Every structure is written in C-alpha cells, then in structure tokens.
Amino acid sequence: MRLSTLAGFLLMVAFEAPGGVARAAEVVVIVSAHNPVATLRADQVADIFMGEATRFPDGLEVQALDQAWNTPLRNEFYQKVASRTPALMKAYWTKRIFTGRGQPPRELSSSMAVRKAVAENPGAIGYVDRAAVDASVRVVLVLN
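Since this is a predicted model, take the numbers as computed values, not measurements. All chains use their own residue numbering, which begins from 1 and follows the written sequence. For this predicted model, a pLDDT threshold of at least 70 governs which residues receive local features, and a threshold of 80 or more governs which side-chain atom pairs are given and counted, while totals over whole chains, interfaces and linings are taken from all residues. Side-chain metrics in this entry use all non-hydrogen atoms of the structure; hydrogen atoms and water are not considered.

Caption draft 1: Representation of the layout of surface pockets in the model. A 1.4 Å probe that fits but cannot get out identifies a cavity on a 1 Å grid over protein atoms alone, an open set with protein on both sides within 12 Å along at least five of seven lines counts as a pocket, and a residue lines either if it has an atom within 4 Å of a point. Grid points are joined across faces, edges and corners, and a volume is the space filled by probe spheres set on the points. Roughly 200 Å³ of volume is contained in the largest pocket. When residue character is reported, Ala, Val, Leu, Ile, Met, Phe, Trp, Tyr, Cys and Pro are called nonpolar, Asp, Glu, Lys and Arg charged, and the others, Gly included, polar. Taken together, the residues that form the lining of the largest pocket break down as seven nonpolar, four polar and two charged.

Right under this line is the structure:
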C-alpha cells in the first residue's frame, strides 16, 4: 500500500471513529432538572444569551452561563443561535457594555463546570457538549 493511501485511510478512520480526534461536539442547551421549562426555541435562547431577555417564558429570572472565550463549542453555539462569529460577538458586547445596556453572560471553564452550575441554580441556562449531560440537567434545545 502506498504511503499516501495508508495515511489517508488512517485519517479517515480517526475522523469516523466514535472517539476519533475530529468528533464534533453536539451542542445542547440545558437548564436545571428543577426548572419547569421543557423546551425553548433557538430565538428564545439567542435573546437570553444576547441580553435581550431576562426571564424564562414562565417568568423565572434567568442567568446565562457561557463557555470560555473563543472555544470551538462557544463559537459553534453563537454561530447556530445568533449567526455571529466570535469577532461579531465581541463587538456586540463591547458596544452594550460601553452604552450601559448590559453585561455578557458569566464565563465558565468547561462543559462540566457549566453543567454543575446550571444543576445548582434553577434559574441558570447554559450550553454544553451532549456528552456532559446527566440527570441533574434537562436539555431544552439541541443545536444541529
């Protein structure tokens, strides 16, 4: 087998394997298992994370929790719910902060940290890799 053919085959296997290096995260939006909200639409989630909505549809005050700045999961989340790149999000929040119209969501270091914080606070909402979901949280939106 030629070296380039072998290298191509190995790359294909790595990218298609369930635990392969290129496994894309399935981004899901979560709330606490104690939160009565069952589902949310992408536009509702966008409003929450863009600081336009401060309450869940049932009236409970919401606290959005972000992933660390410029991580692939965060970039994918904002691209899917708000159609914005990291640069556009940075510009958006810079303007809102400067004009006194809001503060960005609190950043946490990982999906596990977001899941833990959401599980402990019925008013919190976050997004994580589906692999981080457990019984302490409820998925309210799957981003495809």
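The discussion continues.
Caption draft 2: Representation of the packing of aromatic side chains. Centres within 6.5 Å make a pair out of two Phe, Tyr or Trp rings, where for Trp the six-membered ring is used; the pair is then stacked when the planes are under 30 degrees apart, edge-to-face when over 60, and tilted otherwise. For the structure shown, the criterion picks out seven aromatic pairs. Judged by centre distance (5.6 Å) and plane angle (65°), the rings of F49 and Y127 are edge-to-face. Note that F49 is positioned in helix α2 (residues 42-49) and Y127 in strand β4 (residues 124-129), a separation of 78 residues in sequence. For the pair F49 and Y127, one class covers both residues: buried. Each ring, one from Y92 and one from W93, has its centre 5.3 Å from the other, and the planes form 85°; the classification is edge-to-face. On the basis of relative accessibility, which here comes to 15%, the residue Y92 falls in the buried class. The helix and strand labels rest on DSSP assignments: H or I over at least four residues marks a helix, E over at least two residues marks a strand, and numbering proceeds from the N terminus. Each residue is assigned to one of three classes by its accessible area relative to the maximum for its type, calculated with a 1.4 Å probe on protein chains only: buried under 20%, partly exposed between the two thresholds, exposed over 50%.

Caption draft 3: Representation of empty space enclosed by the protein within the structure. For the structure shown, the criterion picks out one cavity of 30 Å³ or more. What lines the largest cavity is simply W69, R74, N75, Y78, R84, T85, P86 and M89. Where the lining of the largest cavity is concerned, the elements lending two or more residues are α3 (72-82) and α4 (86-98). Considering each element in turn, the lining of the largest cavity owes the most residues, three residues, to α3. Its residues placed into classes, the lining of the largest cavity shows four nonpolar, two polar and two charged.

Caption draft 4: Structural view of α4. By definition here, a helix of n residues has an expected span of 1.5 Å times n minus one. Here α4 contains 13 residues, and its C-alpha end-to-end distance of 18 Å stays within 8% of the 18 Å for a straight helix at 1.5 Å per residue. For α4, every residue scored as buried is listed here: M89, Y92, W93 and R96. Within α4, the buried residues cover an arc of 90° as seen down the axis, which keeps them to one side. Exposed positions of α4 whose direction lies more than 90 degrees from the buried face are A87, K95 and F98. Note on contacts: a residue pair qualifies if any of its non-hydrogen atoms lie within 4.5 Å across the two residues. Where α4 is buried, its residues contact α2 and α3. Throughout, the arc means the angular range of directions from the helix axis out to the C-beta atoms.

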